[in-house]
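Remarks on the overall topology
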Amino acid sequence: MKPMLSAISHPFLASGTENVYTLAVRLMRCIISKEAVFTMKLESDLRADFMAAVEAAHRPASQVLRELMRKFIQRQRESREYDKFLGRKVEAGRKSMHSGVGQSNDEVEATLATRRAAVANQG
């Protein structure tokens with residue numbers, strides 16, 4: 001049974017080479033379908049535990065896996081961004097040392113030791 005479609009105004013329809021229903025179905029498939037299939041090997045115990053957990057949570061396994069994948073991708077993205085940030089900080093520190101503005105580790109440690117001693121004497 002074909003779904004009822006109202007009049008659709010879209011540039012692709014101007015050619016008149018396809019009927020509205022076929023084009024609408026193709027557009028919807030592009031928008032909402034999940035066309036990729038992901039197959040993986042895992043231990044049977046892990047699969048059984050996972051399936052029991054998703055069943056107990058009343059959620060489809062595929063939905064949970066997509067959520068886990070998205071979280072992993074986000075963590076990886078954040079990790080790469082932090083690595084870039086840290087690289088910029090290290091480079092800025094190196095430039096300040098080469099220009100004579102920065103302090104060596106020994107100088108920083110000596111300054112902090114003096115400050116710690118002053119705070120300890122106040123208490």
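Heads up: the structure comes first, above all this text.
Source: prediction; values computed, not measured.

Turning our attention to the overall build of the protein chain. If you tally the helices and strands in the protein chain, you get four helices and zero strands. Along the protein chain, helices and strands appear, N-terminal first, in the series α-α-α-α. Across the 123 residues in the protein chain, those meeting the buried criterion constitute 5%. For the protein chain, the exposed area adds up to about 11200 Å²; of that, 58% sits on carbon and sulfur atoms.

Attention now moves to a nonpolar patch on the surface. Taken together, the side chains of Phe 38, Met 40, Leu 42, Leu 46, Leu 65, Leu 68, Met 69, Phe 72 and Ile 73 define a hydrophobic patch exposed on the protein surface, amounting to about 840 Å² of accessible area. In terms of residues, the nonpolar patch owes the most to one element, helix 3 (residues 61-98), which gives five residues. Tracing the backbone shows Phe 38 in the loop between helix 1 (20-32) and helix 2 (44-56).

The next thing to look at is the packing of aromatic side chains. According to the stated counting rule, one finds one aromatic pair in the structure shown. Centre to centre, the rings of Tyr 82 and Phe 85 are 6.0 Å apart; their planes meet at 40 degrees, and the pair counts as tilted. Of the two residues, Tyr 82 and Phe 85 both sit in helix 3, three residues apart, roughly one turn of that helix. What makes Tyr 82 partly exposed here is its relative accessible area of 47%.

In this section: the packing of helix 2 against helix 3. Contact geometry of helix 2 with helix 3 gives a least axis separation of 9 Å together with a crossing angle of 105 degrees. As summarised for this structure, helix 2 and helix 3 are arranged roughly perpendicular, according to the angle between their axes. Contact with helix 2, carried on its side by Phe 50, Met 51 and Val 54, involves Ala 61, Val 64, Leu 65 and Leu 68 of helix 3 and no other residues of that element. Here the contact of helix 2 with helix 3 is built from residues that sort into seven nonpolar, no polar and no charged.

Attention now moves to the pattern of salt bridges. Within the structure shown, the criterion is met by two salt bridges. Arg 59 is the salt-bridge partner of Glu 67, the closest N and O atoms lying 2.6 Å from each other. Accessibility expressed as a relative area gives 28% for Glu 67, which makes it partly exposed. The closest approach of N and O atoms between Glu 67 and Lys 71, which form a salt bridge, is 3.3 Å. Taken together, the positions of Glu 67 and Lys 71, both in helix 3 and four residues apart, correspond to about one turn of that helix. Salt bridges linked by common partners bring Arg 59, Glu 67 and Lys 71 together as one network.

Among the surface-exposed residues, Arg 77, Arg 80, Lys 84 and Arg 88 lie close enough to one another that they form a single positively charged patch. One can find Lys 84 in helix 3.

At His 58, a residue that is not glycine, the phi angle is positive and equals roughly 55 degrees. Along the chain, His 58 falls in the loop between helix 2 and helix 3. Here His 58 falls in the exposed class, since its relative accessible area comes to 73%.

Calculation notes
- Residues numbered from 1 in each chain as written.
- Predicted model: local features only at pLDDT ≥ 70, side-chain atom pairs only at ≥ 80, totals over all residues.
- Heavy atoms only, no water.
- Helix = DSSP H or I, 4+ residues; strand = E, 2+ residues; numbered from the N terminus.
- Buried < 20%, exposed > 50% of the residue type's maximum accessible area, 1.4 Å probe, protein only.
- Areas by Shrake-Rupley, 256 points an atom, 1.4 Å probe, with all protein chains shown as cover.
- Patch = residues over 30% accessible without salt bridge, like charges linked within 9 Å, V, L, I, M, F, W, Y side chains within 5 Å.
- Salt bridge = Lys/Arg side-chain N within 4 Å of Asp/Glu carboxyl O.
- Phe/Tyr/Trp six-rings, centres within 6.5 Å; stacked < 30°, edge-to-face > 60°.
- Axes fitted to C-alpha atoms, helices over the stretch in contact; angles between N-to-C directions.
- Parallel < 35°, antiparallel > 145°, perpendicular 65-115°, else oblique.
- Contact = heavy atoms within 4.5 Å.
- Nonpolar A, V, L, I, M, F, W, Y, C, P; charged D, E, K, R; others polar.
- Lys, Arg positive; Asp, Glu negative; His and termini not counted.
- Charge placed at Lys NZ, Arg CZ, Asp CG, Glu CD.

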